[in-house]
Amino acid sequence: MNSGNGKVSPTGLDTQNQMQDTAYVTVNSKNILVLRRVAKYGFKLRLRKSGYLGEYLSDESEFLENSPSHLIELLSGKTIYL
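1. Points about the pattern of salt bridges
- What the rule picks out here adds up to two salt bridges.
- Ionic pairing is found between Arg36 and Asp21, a salt bridge with its closest N-O pair at 2.9 Å. Separated by 15 residues along the polypeptide, Arg36 in strand S2 (residues 30–38) and Asp21 in strand S1 (residues 20–27) bring together distant segments of the chain.
- Judged by relative accessible area, which is 3%, Arg36 ranks as buried.

2. Observations concerning the pairing of S2
- In terms of strand pairing, S1 meets S2 through eight bridges, oriented antiparallel. Within the sheet, the bridge partner assigned to Thr22 lies in S2 and is Leu35.
- Connecting S1 to the antiparallel partner S2 that follows it, the hairpin turn spans two residues, and Asn28 within it adopts a positive phi of roughly 55 degrees.
- Strand direction decides the pairing type here: S2 and strand S3 (residues 43–47), joined by five bridges, are antiparallel. Counted as the bridge partner of Val34 is Leu47 from S3.
- Taken together, S2 and the strand that follows it, S3, pair antiparallel across an intervening segment of four residues.

3. Comments concerning helix H1 (residues 58–66)
- Within the sequence span of H1, burial applies to Glu60, Ser61 and Leu64. The buried residues of H1 occupy one face: seen down the axis, they fall within an arc of 105 degrees. Turned more than 90 degrees off the buried face of H1, the exposed positions are Asp59, Glu62 and Asn66.
- Where the residues of H1 are buried, they touch S1, S2, S3, strand S4 (55–56), helix H2 (68–75) and strand S5 (80–81).

4. Considerations on the sheet that holds S1
- Reading across the sheet, the five strands line up as S4-S1-S2-S3-S5 and stay open at both edges, with mixed pairing between neighbours. Each end of this open sheet is capped by a strand with a single partner; those strands are S4 and S5.
- Strands in contact with H1 are S1, S2, S3, S4 and S5; relative to S1, the strand with the most contacts, it is inclined by about 45 degrees.

5. Quick word on the environment of Thr22
- One can find Thr22 in strand S1.
- Considering only alpha carbons, one finds Thr22 and Arg48, 26 residues apart in sequence, at a separation of 8.5 Å.
- Polar contacts involving the side chain of Thr22 include one to the side chain of Tyr52, which spans 3.0 Å.

What counts and what doesn't
- Residues numbered from 1 in each chain as written.
- Predicted model: local features only at pLDDT ≥ 70, side-chain atom pairs only at ≥ 80, totals over all residues.
- Heavy atoms only, no water.
- Salt bridge = Lys/Arg side-chain N within 4 Å of Asp/Glu carboxyl O.
- Helix = DSSP H or I, 4+ residues; strand = E, 2+ residues; numbered from the N terminus.
- Buried < 20%, exposed > 50% of the residue type's maximum accessible area, 1.4 Å probe, protein only.
- Pairing = 2+ DSSP bridges.
- Arc of directions from axis to C-beta.
- Contact = heavy atoms within 4.5 Å.
- Axes fitted to C-alpha atoms, helices over the stretch in contact; angles between N-to-C directions.
- Polar contact = N/O pair within 3.5 Å; in protein donor to acceptor, adjacent residues only side chain to side chain.

Here it is as structure tokens:
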């Protein structure tokens, strides 16, 4: 994932060269495709309509299971900050 030119964050994202990646979360046994973008102190998730699954986000999946308001915002097409 690291091309050697950028700094790698603890999550494995190359924060210098790769500001976003494709991923998915699993909530209630349903896969939800998301675009994950690096934010100043965390990540922003946005709903994707198509494409391959990408990286599984286990921590974000658990958070969305326990936070229905964030899940509703994500599914309605809004960008959520985690």
